[in-house]
Amino acid sequence: MNEGHSGLGALALLARGLAGIDVEVQTLPGARPVLAGRRLLLPTSASAPGLRRAMVAHAVAHLRHSQPARPAHALRPMGIAIVSAIEDARVERLLCRDFPGLHGWFAASLPPVPDALDLGFAALVSRMDRLLLLPASQDDNHWVNKARRLFEETAARAGLEDYDAFRAIASILANDLGQMRVRFEPQDYVVPAPWRDDNSYLWDFAETQTAPDEAIALQQSGARPAPPPPDAQDEGGALPPDAAGDIELGRYTYPEWDRKLERLRPDWCTVIEKLPAWQGLLPAREQAASGNERVAPLALPRARHLDRTHRLRRQWEGDDIDLNAAIEVLVDRRLRLRPDARLFMRPGKGPRPSSVLVLLDLSASANDPGPHAASLLDIEKQAALMLAASNARGIDRLAFHGFSSNTRAEVYYYRLLEPGLPLDEPARTMIGALRGRYSTRMGAALRHATSLMRAEPPGQRAVLLVTDGAPADIDVHDPRYLIEDARQAVAEAREAGVRAACIAVDGAADAYVRRIFGWRDYCIADDARSLPARLARMSARLAAAR
Amino acid sequence: MNAPVHDPLAAYRIESEPFYRPAGNEVALYRQAYRHRMPLILKGPTGCGKTRFVEHMAWSLGRPLVTLACNEDMTASDLVGRYLLDANGTAWHDGPLTLAVRHGGICYLDEVVEARQDTTVVIHPLTDARRILPLDKKGELVRAHPDFQLVVSYNPGYQSSAKDMKPSTRQRFAALEFDYPESMLEAEIVAHEAGVGLDLAAKLVAIARCSRELKHRGLDEGVSTRMLIYAGVLIRDGVTPRESCEMTMTRALTDDPDMASALQGFVEAQFG
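Residues numbered from 1 in each chain as written. Chains lettered and ligands numbered in written order. Predicted model: local features only at pLDDT ≥ 70, side-chain atom pairs only at ≥ 80, totals over all residues. Heavy atoms only, no water.

*Asks:* Explanation requested: the overall build of chain B in the structure shown.
*Replies:* Looking only at helices and strands, chain B has 11 helices and nine strands in total. Of all 272 residues assigned to chain B, the portion counted as buried reaches 54%. Counting contacts in chain B only where the partners sit at least 6 residues apart, residues at least 24 apart contribute 71% of the total. Only carbon and sulfur atoms are counted for the fraction: they give 51% of the accessible area of chain B, which is about 11,700 Å². (Helix = DSSP H or I, 4+ residues; strand = E, 2+ residues; numbered from the N terminus. Buried < 20%, exposed > 50% of the residue type's maximum accessible area, 1.4 Å probe, protein only. Contact = heavy atoms within 4.5 Å. Areas by Shrake-Rupley, 256 points an atom, 1.4 Å probe, with all protein chains shown as cover.)

*Asks:* Explain the overall build of chain A here, please?
*Replies:* The helix and strand inventory of chain A stands at 17 helices and 16 strands. Looking at the 546 residues of chain A, the share that counts as buried comes to 55%. Within chain A, contacts between residues at least 6 apart in sequence are counted, and of these 71% link residues at least 24 apart. When the accessible surface of chain A is totalled, it reaches about 24,100 Å², and 54% of it is carbon and sulfur.

*Asks:* Would you mind showing me how to read the pattern of salt bridges here?
*Replies:* Charged atoms that come close allow side chains of opposite charge to pair. Using the criterion set out here, one finds 48 salt bridges over all chains in the structure. For D128 of chain B, the salt bridge identified is with R172 of chain B, shortest N-O distance 3.1 Å. Linking D128 of chain B in the loop between α5 (117-120) and β6 (132-135) with R172 of chain B in the loop between α6 (167-170) and β9 (174-177), this pair joins segments that are 44 residues apart in sequence. You can call D128 of chain B partly exposed: its relative accessible area is 26%. E186 of chain B is the salt-bridge partner of R212 of chain B, the closest N and O atoms lying 2.8 Å from each other. Here E186 of chain B lies in helix α7 (residues 183-194) and R212 of chain B lies in helix α8 (residues 198-212), a separation of 26 residues in the sequence. E186 of chain B shares its class with R212 of chain B; the two are buried. Connected through shared salt-bridge partners, R16 and D22 of chain A together with E213 and R217 of chain B make up one network. (Salt bridge = Lys/Arg side-chain N within 4 Å of Asp/Glu carboxyl O.)

*Asks:* Got a minute to help me understand the interface of chain A and chain B in this structure?
*Replies:* When the parts of a complex come together, some accessible area is lost, and that lost area is often used as the size of the interface. With 44 residues of chain A in contact, the opposing surface of chain B contributes 45 residues. Across the chain A-chain B interface, the total number found is four salt bridges. In this structure, D320 of chain A engages K137 of chain B in a salt bridge whose closest nitrogen and oxygen atoms are separated by 3.4 Å. Applying the counting rule to chain A against chain B returns eight residue pairs in polar contact (both at pLDDT 80 or more). Looking at the side of chain A that touches chain B, the elements that each hand over two or more residues are α1 (2-19), α4 (102-108), β8 (304-315), β9 (320-321), α11 (323-334), β10 (344-351), β16 (522-524) and α17 (531-544) of chain A. Among the elements that line the side of chain A that touches chain B, the one with the most residues is α1 of chain A, at nine residues. Here the side of chain A that touches chain B is built from residues that sort into 19 nonpolar, seven polar and 18 charged. (Polar contact = N/O pair within 3.5 Å; in protein donor to acceptor, adjacent residues only side chain to side chain. Nonpolar A, V, L, I, M, F, W, Y, C, P; charged D, E, K, R; others polar.)

*Asks:* Mind showing me how you'd approach the pairing of strand β14 (residues 460-467) of chain A here?
*Replies:* Looking down a regular strand, the side chains alternate between one sheet face and the other. Residues and elements named next belong to chain A. Counting buried positions along β14 gives eight out of eight residues, so the element sits mostly inside the fold. Alternating positions in β14 separate into two faces, Q460, A462, L464 and V466 on one and R461, V463, L465 and T467 on the other, with burial throughout. As paired elements, strand β11 (residues 354-361) and β14 share seven bridges and run parallel to each other. Paired with V358 across the two strands is L464, which belongs to β14. In terms of strand pairing, β14 meets strand β15 (residues 499-504) through six bridges, oriented parallel. Residue pairing for β15: T467 is matched across the bridge by A504. (Pairing = 2+ DSSP bridges.)

*Asks:* I would appreciate a short explanation of a nonpolar patch on the surface in the present structure.
*Replies:* Together, I327, V331, L335 and L337 of chain A line one region of the surface with nonpolar side chains, adding up to about 370 Å² of accessible area. Along the chain, L337 of chain A falls in the loop between α11 and β10. (Patch = residues over 30% accessible without salt bridge, like charges linked within 9 Å, V, L, I, M, F, W, Y side chains within 5 Å.)

*Asks:* Sorry, what's going on with the nonpolar core here?
*Replies:* As a rule of thumb, nonpolar side chains are buried together in soluble globular proteins. Counting 100 residues, the largest nonpolar core has I82, L102, F106, F121 and W195 of chain A together with L204 of chain B as its most contacted members. Of all the elements, helix α3 (residues 77-98) of chain A adds the most residues to this core, at 12 residues. In this view, W195 of chain A contacts P33, L51, A54, M55, H58, E92, F106, S109, L110, P111 and L133 of chain A; residues no more than four positions away in its chain are not counted. Counting 41 residues, the second-largest nonpolar core is a separate cluster that includes F400, L423, Y438 and A528 of chain A. (Core = buried A, V, L, I, M, F, W, Y, C linked by side-chain atoms within 4.5 Å.)

*Asks:* Quick question: what am I supposed to make of helix α6 (residues 142-158) of chain A here?
*Replies:* Along an α-helix, residues three or four apart share an orientation, since each turn contains 3.6 residues. All names here are of chain A. Here α6 is 17 residues long and its end C-alpha atoms lie 23 Å apart, about the 24 Å a rise of 1.5 Å per residue gives. Those residues of α6 that sit buried are W143, V144, K146, A147, R148, L150, F151, T154 and A155. In this fold, the buried residues of α6 make contact with α3, α5 (121-133) and α7 (163-179). The N-capping residue of α6, defined by a side-chain oxygen 2.8 Å from the backbone nitrogen of W143, is N141. One or two positions beyond α6, positive phi appears at G159, with a value near 90 degrees. (Expected span 1.5 Å × (residues − 1).)

If you want it as structure tokens, here you go:
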């Protein structure tokens, strides 16, 4: 199972590289892949790596060369199936022109040749697919050969980019099938080529009364996790324990940037520091018992710097001559003794304290189960525990804090692990007891984290935010408002000597992380499971930087 | 060469023309900057040709090129020089920067942000109108030779260093930005440098394009032009394309199995 999962990450990267845009790759029960927007759902039944890669390649062909959601109302179901099959062949040709090696992936996944006596719709399409894919193959069916002839002629005459020309030959072919009285049963038809998707990507069935099978598949794909509800307040009340059960530790007020007024609104947000409600030792035990907790501690580089107050004398090489040693050398020479050649001095090196505060987004959306059952919050917790366990030989002062917000009057802030303290049982329990609720008011939380980091010893000080989406809160309706506020908070932190960086577990994060954190201090994890490794690397970088 | 009898920079002269294919008008811009001995920053990702460019310019201007790869342990003394002990007592030895300043070379500090900021401040008096290098330990003020120019390079995209130049240092330089050349040109460069056919070079470049899409998604930097040349050289010597790409790109770039599998996928997408 695990192997399959790690495969998905590799497939997502493969798709990103080939298509040039982010593609989310998940699994879904079904017979054929489904491409919905930029999300590719692979059937759970297809586990052969070669077939899965061919599925990704085909989806990339659509993403690069197909226009999605064309109106389907003018076509009959059989027409849709033929136009789709021709379109599949067209975009695969186009893709193979740029990536010739992909042809082999498709060819390797071809189904066996159907029985020559089978003149059903699926068999004919399957034979046509084979002929269009393998130029050397032969078939004795007139219609299939006509399809090949028309396709090659059109490709030579109009070029592969001309969608309309291919649409025209697809109409001819569908018409021929009608003349041949080939029956088409939308409910029974599955795209014959196993690596091709169900073509719902290509069509917009908005106005069809009788939905063809593609539309059914489209509905089926609605089973994927829904985006977080915009109104997270109701949900917060339903989730045990209620925020009211937490123990309040203190209240702080912070300004907020108003992008329209272009100034800070003083004392606008109230940050409430809390202890998460005590859940007993159960969660920590649970986590300790789960097998994948036993991860080898991560070896992180240690930041070092020259310590000018500390001079190393009598060195083999260095910037300056150590005068005392030099005099001894000259004395030894006069005495015809063998001098000690270590007569240089240089500044010594001492480790410099580096403090990294990992700030976890504990909004309600973190509870959503990901494609692989574990919620982002669970993965965040695991990653935090792993990183904290590696602390002994890594970052000098590592802290874990979390936040969630319920309007500007209540930005909850949890200090889970204080900098420099070991990860003891209470801290583990506290991290384990976290529940995601409410929304993400990044700016206020960043300001509070920055003010806490300013109390840290001088050296490298950084706040690393882990989030699953853009900043949002229920009392803000302008989507850019909180983004601009967070950007302002990051700039303020930088001025205060605290670097702010972000790991976004959100394939669509490009739109805002860069705006908030600048072009360098962010990292996008398309796949939540890569979070522990990303977190470890990013925090090590922040600690090692100057 | 019409070098003087004793040329302290003889070892730094470039004898034959280094191959460089301009991607824009950087050669003309460099020449203009050199006319005024303006200090230059060359920015750009790893392996895109910054060092080769400065070698080419030094060759075409007929100036010696003193290159220094900067690192964190480098101190100001490593640049300007230090006293060493010899039979008669202490003797001053010029550092590479002082050599170039005194005798008129182009001094190239590669990956300058790797050096600590307090080291790089020694170049300040050299990079403004004064053009002097005070050797405070020796008590000497070296006036720069009229031919001397300072060039530094750095790689702004490399996240792990996350270092930056002090604004006061940065402001003294004019900058030229480099990037990987566009596909056709990059293929020509790879074909020339690796001695392979243009078709093969174009395939290698297509692999690199895919890998560069993965920046910020687990890769710090995609496959560089230099890596492509390595791969091309191995293929020319008879190693299979898949093996040479695996050796020079996939394994060299990443340890992450997912990433390696995706990179290998790009290779297969070209070579089957």
